[in-house]
Each structure stands twice: as C-alpha cells, then as structure tokens.
Amino acid sequence: MDESSLRTKMQQVVDLVVSDIASIRIGRATPSLVEDLSVLVYSGQQKLKIQELATISVLDPQTLEIEPWDKSIIGEIRQGILSSGIGLNPVISGEKIRINIPPLTTEDREKYLKLLSAKLESGRVMIRQIRAGFLKEIQKSFEEKEIGEDEKFSQEKRLQEITDEFIAKINEHGEKKKEELIQL
C-alpha cells in the first residue's frame, strides 16, 4: 500500500469538500459566495470565474463589492451572478457591482444545514471509495502471496486509521461551517 498516494487522494477530497462548503451562504458577505462563479464574457466567447475578472471586497457584513478590471464586462458579470441561481441580486453602481446579502431566514438556515450535511456526506463517501480501492489492492497483494497475513492485517489497520483521520478532517470543517450558519 502506497501511503503517500493514499494521503494525496484523500487530501484532494478534503480540499474539494472545503471549497464546496465555502460557497454555502451563511448570511454575511464573504468573497467565496461569488468568486468561483463562472460567467460568460466578451459576447459569450469566454467562460471565466469572477475572481479572474474582478476584485471582490467586503464593504460591511451585509455587502459585497465587485470591481471588474475591464469595465466593459460589468453587465455580463451582473447577468452571470443573476443566472447562477444563488439568490443574490447584484446592482450596478457606477463602475462597480454591489450585492446586498439578505439575512438568512429560519427556513434558509435549515435548507443550508441540509445542503451542508449532504455535501459532507458526499465527501465521506468519496473517502470511503478511496479506502475500498486500496483495500482491494491489499487483498490482491495477499492473494498473489506478495504480502503475508500479518502484513495484510497491519496494512488494513493503517488504512482504516488514515481513513478515520480524513473523515475527522471533513467533520471538523463541517462543524465550523455549521457554527457559522447557526450563530447568525
């Protein structure tokens, strides 16, 4: 069992989950709400993320400001945010886009908590799938007499310890996000 490739694959899943849950609204302005949204710009010729097109800043806990580097695409960025389905209403004021973040209702909070749970479970499932793949490798090595029974059990035990470690990381990030959702 190659532990470094196992850890690399599992860390990629944790990073994916962290970036995925960062986009869940928590009722206050954070650049992560919009920075990864892809927008069609330059008459639909290119699809770029907002963070590649503009500076995103937080004016106050309820307001985001997006300042495009190329002022000619301000309308396309606004349209991209509107069509993304994240429930934000961008307003163009001069050469900047302002987004007021409405406070979360109880229903919204419950909806986002369910979404958070689903995303966390998806991450845990991906970790378990990686574990299953490595378990098959260990079993195959044992059947081909490359490793003995003691080595097989020690590798399986080590695999489970690493799996538990990465699932704990996912749960830890989930708890932090849950606290942010509940506290506001």
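Throughout what follows, the structure given in this document is the object of discussion. (Residues numbered from 1 in each chain as written. Predicted model: local features only at pLDDT ≥ 70, side-chain atom pairs only at ≥ 80, totals over all residues. Heavy atoms only, no water.)

This part takes up unusual backbone geometry. Despite not being glycine, Y42 shows a phi value in the positive range, around 55 degrees. Topologically, Y42 is positioned in the loop between β1 (38-41) and β2 (46-49). Take Y42: its relative accessible area is 33%, and that puts it in the partly exposed class. Look at K145: it is not a glycine, yet its phi comes out positive at around 60 degrees. Of the residues examined, K145 reaches a relative accessible area of 74% and is grouped as exposed. (Helix = DSSP H or I, 4+ residues; strand = E, 2+ residues; numbered from the N terminus. Buried < 20%, exposed > 50% of the residue type's maximum accessible area, 1.4 Å probe, protein only.)

To continue, consider the sheet that holds strand β5 (residues 90-93). One open sheet holds the four strands; their spatial order is β3-β4-β6-β5, and the pairing between them is antiparallel. The open sheet has two edge strands with one neighbour each: β3 (54-60) and β5. The mean angle between the axes of side-by-side strands here comes to 25 degrees, regardless of whether they run parallel or antiparallel. For β3 and strand β4 (residues 63-68), the ladder comprises six bridges, and the chain directions are antiparallel. Looking across to β4, one finds that D60 is bridged to T63. Packing against the sheet, helix α2 (residues 74-83) makes contact with β4, β5 and β6 (96-100), and its axis sits at approximately 165 degrees to β5. (Pairing = 2+ DSSP bridges. Axes fitted to C-alpha atoms, helices over the stretch in contact; angles between N-to-C directions. Contact = heavy atoms within 4.5 Å.)

Along the chain, the position of I138 falls in helix α3 (residues 106-143). A C-alpha to C-alpha distance of 9.3 Å links I138 and E151, two positions 13 residues apart in sequence. What I138 contacts, discounting residues up to four positions off in sequence, is M1, I147, K152, Q155, E156 and L159.

A separate point is the packing of aromatic side chains. Scanning the model with the defined rule gives zero aromatic pairs in all. One Lys or Arg, K111, reaches over the ring of Y112 and ends 5.1 Å from the middle of that ring. The ring of F153 carries the charged tip of K152 above its face, separated from the ring centre by 5.2 Å. (Phe/Tyr/Trp six-rings, centres within 6.5 Å; stacked < 30°, edge-to-face > 60°. Lys NZ or Arg CZ within 6 Å of the ring centre and 35° of its normal.)

This part takes up the packing of helix α1 (residues 3-22) against helix α4 (residues 149-183). The contact between α1 and α4 brings their axes to 10 Å, and the two run at 15 degrees. By the criterion of interaxial angle, the relationship of α1 to α4 is roughly parallel. Where α1 crosses over α4, the two elements pack in a sense that is right-handed. In this structure, α1 contributes E3, L6, R7, M10, Q11, V13, V14, V17, V18, I21 and A22 to the contact, and α4 contributes R158, L159, I162, T163, E165, F166, K169, I170, H173, G174 and K177. The residue makeup of the contact of α1 with α4, split by class, is 12 nonpolar, four polar and six charged. (Parallel < 35°, antiparallel > 145°, perpendicular 65-115°, else oblique. Left-handed = near helix turned anticlockwise from the far one by under 90°. Nonpolar A, V, L, I, M, F, W, Y, C, P; charged D, E, K, R; others polar.)

Geometric values such as these leave the question of function open.
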